Amino acid sequence: LVNHLHAQTTKLTETERFLSEVRSALDGLEGLVGALSKDLSAGRSATIGLHSDVRATVGALEDNVAASDDLADLKEKVRHGIQALGSRVSRFGESEAARLDQAEQRNAELKAQLSTMESQVETLESALAQQRTLALKDASTEGHSRGALAARVDEEVARHNREDAPLSYAIWDI
């Protein structure tokens, strides 16, 4: 009986430890979600950079228009500015498409991993509840075990301390 109780307590401890590890892994997933958030922030920074480049190029073109007396020279400067903008916008579009594809792939992987881990946590929580029940019951008599008695005594002592009520303790051995 003592060996059975010890084995059940050991299983309970192992299950609690494993559940703690799973919770830590879930915390790690939370960190990865934070990384995805940083990816979004990087995308925003790239968009702001593109906007700044476009404004600077347009400003330079406006300055060239105001300062130019030669129409052919002005046309060349405008054509060059438009090509530079087109090239920058194309590179931005390509990098954003690749970044979004990677983010979507990572998001899908994280969702699948999170779903798997949530299922594992549910299974482990159920097993833990079952192990707790087994640890508190005697296998042969299905009566409360010494562990259940100790837990109940702790509860009653805590209540006694809280309420400053009398406490009696009696044990019958059958």
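Residues numbered from 1 in each chain as written. Predicted model: local features only at pLDDT ≥ 70, side-chain atom pairs only at ≥ 80, totals over all residues. Heavy atoms only, no water.

A. Region of interest: the overall build of the protein. Within the protein one finds three helices and zero strands. When the helices and strands of the protein are read in sequence order from the N terminus, they spell out α-α-α. For 174 residues, the compact-globule estimate of 2.2 N^0.38 gives 16 Å, and the protein exceeds it by more than 25% at 34 Å. Viewed in the frame of its principal axes, the protein has a C-alpha envelope of about 115 × 35 × 15 Å. Counting contacts in the protein only where the partners sit at least 6 residues apart, residues at least 24 apart contribute 72% of the total. Accessible surface for the protein amounts to roughly 13,000 Å². Of this, 56% is attributable to carbon and sulfur atoms. Of the side chains in the protein, 20 bear a positive and 29 a negative charge, and the two mean positions are spaced by 1 Å. (Helix = DSSP H or I, 4+ residues; strand = E, 2+ residues; numbered from the N terminus. Rg over C-alpha atoms; globule rule 2.2 N^0.38 Å. Contact = heavy atoms within 4.5 Å. Areas by Shrake-Rupley, 256 points an atom, 1.4 Å probe, with all protein chains shown as cover. Lys, Arg positive; Asp, Glu negative; His and termini not counted. Charge placed at Lys NZ, Arg CZ, Asp CG, Glu CD.)

B. A look at a nonpolar patch on the surface. The grouping of Leu149, Tyr169 and Ile171 at the surface amounts to a nonpolar patch, some 330 Å² of accessible area in total. Topologically, Leu149 is positioned in helix α3 (residues 146-163). A relative accessible area of 38% means that Leu149 is categorised as partly exposed. (Patch = residues over 30% accessible without salt bridge, like charges linked within 9 Å, V, L, I, M, F, W, Y side chains within 5 Å. Salt bridge = Lys/Arg side-chain N within 4 Å of Asp/Glu carboxyl O. Buried < 20%, exposed > 50% of the residue type's maximum accessible area, 1.4 Å probe, protein only.)

C. Geometry of the nonpolar core. Of all hydrophobic cores here, the largest spans nine residues; its members are Leu12, Leu19, Val22, Leu26, Met117, Val121, Leu124, Leu128 and Ala135. Elements with a minimum of two residues in this core: α1 (2-67) and α2 (71-136). No other element matches α2, which puts five residues into this core. When residues no more than four places from it in sequence are discounted, the contact partners of Val121 are Leu19, Val22, Arg23 and Leu26. (Core = buried A, V, L, I, M, F, W, Y, C linked by side-chain atoms within 4.5 Å.)

D. Here's a closer look at the layout of surface pockets. Roughly 150 Å³ of internal volume is contained in the second largest pocket. Contributing to the lining of the second largest pocket are Leu149, Arg152, Val153, Glu156, Val157, Leu167, Ser168, Tyr169 and Ala170. Of the residues belonging to the lining of the second largest pocket, the class tally is six nonpolar, one polar and two charged. (1 Å grid on protein atoms, 1.4 Å probe; cavity = no way out; pocket = protein on both sides within 12 Å on 5 of 7 lines; lining within 4 Å. Points joined across faces, edges and corners; volume = space filled by probe spheres on them. Nonpolar A, V, L, I, M, F, W, Y, C, P; charged D, E, K, R; others polar.)

E. Geometry of the pattern of salt bridges. Summed over the entire model, instances satisfying the criterion amount to eight salt bridges. Note that Asp53 and Arg88 form a salt bridge whose closest N and O atoms lie 2.5 Å from each other. One end of the pair, Asp53, is in helix α1; the other, Arg88, is in helix α2, with 35 residues separating them in the sequence. The partly exposed category is assigned to Asp53, whose relative accessible area is 32%. For Arg99, the salt bridge identified is with Glu96, shortest N-O distance 2.9 Å. Here Arg99 and its partner Glu96 are both found in helix α2, three residues apart, which amounts to about one turn of the helix. Salt bridges sharing common partners tie together Arg152, Glu155, Glu156, Arg159 and Glu163.

Function-wise, these values are silent; they only describe arrangement.
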